[in-house]
Amino acid sequence: MSEQNIDNHLREALAHLELALNQSVRCVLENDGAKKEIGLKWERFLGEFMGQIREKGKKSRLNLLSWISFPRIR
């Protein structure tokens, strides 16, 4: 897989996340009672994503999170 393919996948993922975030905000603005349900959806998503990172790291024997400089993330 080329680095360009990785860039394309990450751009597409970011676009989908932005849409989900916008829809989440709209949903809660329309119905404050939806906060808990929407929060659980994001919690499950982030948990699944972090789980995938850990699992891929174990299988490949790579520390995938070490590739990221968290202080540079704003």
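Here the structure is shown first, and the text comes after it.
This one's a predicted model, so the numbers in the text were calculated from it and none came from an experiment.

Student: Any chance you could break down the layout of surface pockets for me, citing the residues and the numbers?
Tutor: To find leftover empty space, a probe the size of one water molecule is rolled over the atoms. Computed from the structure, the second largest pocket encloses a volume of approximately 250 Å³. Taken together, Phe49, Met50, Ile53, Leu64, Leu65, Trp67, Ile68, Phe70 and Ile73 form the lining of the second largest pocket.

Student: Break down the packing of aromatic side chains for me, with residues and values.
Tutor: When we look at a pair of aromatic rings, we describe it by the centre distance and by the angle of the planes. This structure, assessed with the given rule, holds 2 aromatic pairs. Between Trp42 and Phe45, the ring centres sit 6.0 Å apart and the planes meet at 85 degrees, which makes this aromatic pair edge-to-face. Here Trp42 pairs with Phe45, and both are found in helix 2 (residues 35-60), just 3 residues apart, close to one helical turn. Among the residues examined, Phe45 registers a relative accessible area of 37% and is labelled partly exposed. An aromatic cluster of three or more residues is present, and its members are Trp42, Phe45 and Phe49.

Student: Residue-level account of unusual backbone geometry, with values.
Tutor: Of note in the backbone geometry, Arg61 takes a positive phi value of approximately 60 degrees without being a glycine. Along the chain, Arg61 turns up in the segment after helix 2.

Student: Please set out the pattern of salt bridges residue by residue, giving values where relevant.
Tutor: Across all of its chains, the model carries 2 salt bridges by this definition. Here Asp32 ties to Lys35 by a salt bridge, and the two come within 3.2 Å at their closest N and O atoms.

Student: Describe helix 2, and please don't skip the residues or the numbers.
Tutor: In a regular helix each residue adds 1.5 Å, so 26 residues correspond to 38 Å; helix 2 covers 37 Å between its end C-alpha atoms and thus fits that length. Those residues of helix 2 not exposed but buried are Ile38, Ile53 and Gly57. Considering only its buried residues, helix 2 is in contact with helix 1 (3-30).

Student: Give me the environment of Gly39: which residues, what numbers.
Tutor: Within the fold, Gly39 resides in helix 2. The partly exposed category is assigned to Gly39, whose relative accessible area is 34%. A sequence separation of 10 residues divides Gly39 from Leu29, and the C-alpha atoms of the two residues are 13 Å apart.

About the cut-offs
Residues numbered from 1 in each chain as written. Predicted model: local features only at pLDDT ≥ 70, side-chain atom pairs only at ≥ 80, totals over all residues. Heavy atoms only, no water. 1 Å grid on protein atoms, 1.4 Å probe; cavity = no way out; pocket = protein on both sides within 12 Å on 5 of 7 lines; lining within 4 Å. Points joined across faces, edges and corners; volume = space filled by probe spheres on them. Phe/Tyr/Trp six-rings, centres within 6.5 Å; stacked < 30°, edge-to-face > 60°. Helix = DSSP H or I, 4+ residues; strand = E, 2+ residues; numbered from the N terminus. Buried < 20%, exposed > 50% of the residue type's maximum accessible area, 1.4 Å probe, protein only. Salt bridge = Lys/Arg side-chain N within 4 Å of Asp/Glu carboxyl O. Expected span 1.5 Å × (residues − 1). Contact = heavy atoms within 4.5 Å.

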